[in-house]
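Examining the three-dimensional arrangement
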Protein chains: 2
Amino acid sequence: MGCLGEHALRNGKLISASEVVLSATDRAVQSGFGVYESLRVIQGRPVYLQDHMLRLERSACGIEMKHPFRFDDLTKWIDVLLESDSIEKATLRVLLMGGDSPSLIVTAHPLLSYPDDWYRKGVFATTYAGERFLPRYKTCAQLLSYLALRDAQAKNAFEAILVDRYGYALEGTRSNFFAFRNHVLYTADESLVLEGVTRDKILKACECLGFSVVLEPISVSDIVSHRFDEVFISSTSMGAMGVCRLDDTLITSDFARTNAIHDLIRKWEVQALH
Amino acid sequence: MGCLGEHALRNGKLISASEVVLSATDRAVQSGFGVYESLRVIQGRPVYLQDHMLRLERSACGIEMKHPFRFDDLTKWIDVLLESDSIEKATLRVLLMGGDSPSLIVTAHPLLSYPDDWYRKGVFATTYAGERFLPRYKTCAQLLSYLALRDAQAKNAFEAILVDRYGYALEGTRSNFFAFRNHVLYTADESLVLEGVTRDKILKACECLGFSVVLEPISVSDIVSHRFDEVFISSTSMGAMGVCRLDDTLITSDFARTNAIHDLIRKWEVQALH
């Protein structure tokens, strides 16, 4: 029996985590011709595995990647990894590289989680001008996101929000982006941003909680002029997390709406395991 | 003594080529936070090494990558590789990955070369809509280029020319792009495209051969309406290579101007070795 991070999976085979390497001379590797997913393991089980597998397949289709892997198999392989390393909670990363010799790699990492305080008070985010290539898909074309997040972290911010050529704050480097005006939630529609697994649950939570949803992109100028009264980001790891400041604009809120959504989607995660 | 492809360099150390791997869990690798160069070795010596090293450094600076490598050292390391594997001619690929543990990898591959016929008759290229991220730098953000070239190759074309939102054919996936009208050569200026090492020699060759140069992007519609009478692409491997067809538009030419440029820049390469 191993422990978290000791093993990984390559093409269904359990290997030592140190063997999880990519060939530097593989053109697919060199070009970022790959797609990936991050998912949570809690209570020893992957959360919304089916949703993540569907999105991985959708991303692979989006860049017309051919590969020999069946996602039914992946489900079984993940079970082997969880059992082998006695994993109760973790963040799993599934990487599917295409090209002449496709590979499917699963690695397990400590479960990402954030202080309660951040949810109560909100986090600081910056903006960064740039548009993700093929934003609907979760591909390895991540240089923009890397540079944007590095810029944010240099300013002690938690996340960078990518702003497109029209001045819309579409999504974060690893999150979706939302803004409330009273009981109406605004967020960009699925043609412009990653169709987040958590984003989808958030839209469902809005229905339950009596919020309406308007699928329209959020302009930075509307945030700066305080036309929204609560702003938040979401991801698998974060759930829904309030944003109290965007660049120099303070967005004062108690994050009651965001945290109601957060609590509900986390409750659903646990329910989905049983 | 080895032979071409037997060894590679990692951070100055000669290693077996099979050991040239990248960690799949390194965030820089996952994000394509790297820059690279391809260069030619002929007569046992790298061509325009200084130019390529300068551009590698310019690309690294362009994405604010910190690394511990000195390019004087790289020159010596390359000599070790050339000697160790008795390399007379080759294409060298230099990859500089950033992040927490930067690595500088040099691999040697058979020298890329193309049939004489292609230079005489020109090659078929397609267009592909898309703008390279940070086009001035040679980064690992290559997914667009990968998809564009795959699309071209599926149509039996040799290269895909990337067309920006304004309808300009700026550059190929691995080449710069040029068009003649009589004795005037047009090509996009350095703010829009990669400052190719070969592109630079081409501009110098134009001076010698009496062609004027206009640094303006070339619109696809001008090619379709036959407002140019000779079109070509360039790269380190290709030199200058005529394009006889772009999508469905035939561009009839004897490529005399392109081949005069090609011959001159290849002559300079040899001269530069001595």
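Residues numbered from 1 in each chain as written. Chains lettered and ligands numbered in written order. Predicted model: local features only at pLDDT ≥ 70, side-chain atom pairs only at ≥ 80, totals over all residues. Heavy atoms only, no water.

1. Quick notes on the sheet that holds strand β5 (residues 45-46) of chain B
Residues and elements named next belong to chain B. We apply this condition: The pairing criterion for strands is at least two bridges between them, as found by DSSP. Numbering of helices and strands starts at the N terminus; helices are DSSP runs of H or I of at least 4 residues and strands are runs of E of at least 2. Only heavy atoms matter for contacts: two residues are in contact if any of them lie within 4.5 Å across the pair. Lines fitted to the C-alpha atoms define the axes, with helices restricted to the stretch that makes contact. Angles between their N-to-C directions range from 0 to 180 degrees.
One open sheet accounts for 6 strands, arranged β2-β1-β7-β6-β4-β5; its pairing is antiparallel. The sheet terminates laterally at β2 (13-16) and β5, the two strands that pair on one side only. Here strand β4 (residues 34-42) pairs with β5 via 2 bridges, running antiparallel. By the bridge assignment, valine 41 is partnered in β5 with proline 46. Of the strands in this sheet, β4 and β5 touch helix α8 (residues 256-273), which is tilted by about 85° from β4.

2. Things to note about the interface of chain B and chain A
Heads up, the condition is: Once two parts are put together, the accessible area they lose, assessed with a 1.4 Å probe and summed over both, is termed the buried area. Any carboxyl oxygen of Asp or Glu that lies within 4 Å of a side-chain nitrogen of Lys or Arg is treated as forming a salt bridge with it. Three classes are used: nonpolar for Ala, Val, Leu, Ile, Met, Phe, Trp, Tyr, Cys and Pro, charged for Asp, Glu, Lys and Arg, and polar for all others, with Gly counted as polar.
With 35 residues of chain B at the contact, the number on the chain A side is 35 residues. In this assembly, chain B packs against chain A so that about 2,800 Å² is buried in total across both faces, 65% of it on carbon and sulfur atoms. The largest contributions to the chain B side of the interface with chain A come from Gln30(B), Leu143(B) and Tyr146(B), which together make up 23% of the buried area. At the junction of chain B and chain A, the tally comes to 0 salt bridges. Counting residues per element, the ones that place at least two in the side of chain B that touches chain A are β3 (21-23), α1 (27-31), β6 (90-97), β7 (103-109) and α5 (143-154) of chain B. Per element, the largest residue contribution to the side of chain B that touches chain A is 6 residues, and it comes from α5(B). When the residues that make up the side of chain B that touches chain A are grouped by side-chain class, the tally is 20 nonpolar, 10 polar and 5 charged.

3. Things to note about the domain arrangement of chain A
Residue and element names in this part refer to chain A. For the record, the criterion: For each domain, the first and last residues come from an automatic or database assignment. By the criterion applied in these results, polar contacts are pairs of N or O atoms within 3.5 Å in which, for protein atoms, one can donate a hydrogen and the other can accept it, and in which residues neighboring in sequence qualify only through two side-chain atoms.
Split into domains, chain A comes out as domain 1 (7-109) and domain 2 (116-272). For domain 1 and domain 2, the distance between their C-alpha centres works out to 26 Å. At the interface, 21 residues of domain 1 touch 20 residues of domain 2. The interface formed by domain 1 and domain 2 includes 2 salt bridges. For the pair domain 1 and domain 2, the number of links is 7 residue pairs in polar contact (both at pLDDT 80 or more). Among the elements of the structure, β4 (34-42), α2 (49-62) and β6 (90-97) are those that each provide at least two residues to the side of domain 1 that touches domain 2. Looking at which element gives the most residues to the side of domain 1 that touches domain 2, the answer is β4, with 8 residues. Residues belonging to the side of domain 1 that touches domain 2 are distributed by class as follows: 9 nonpolar, 7 polar and 5 charged.

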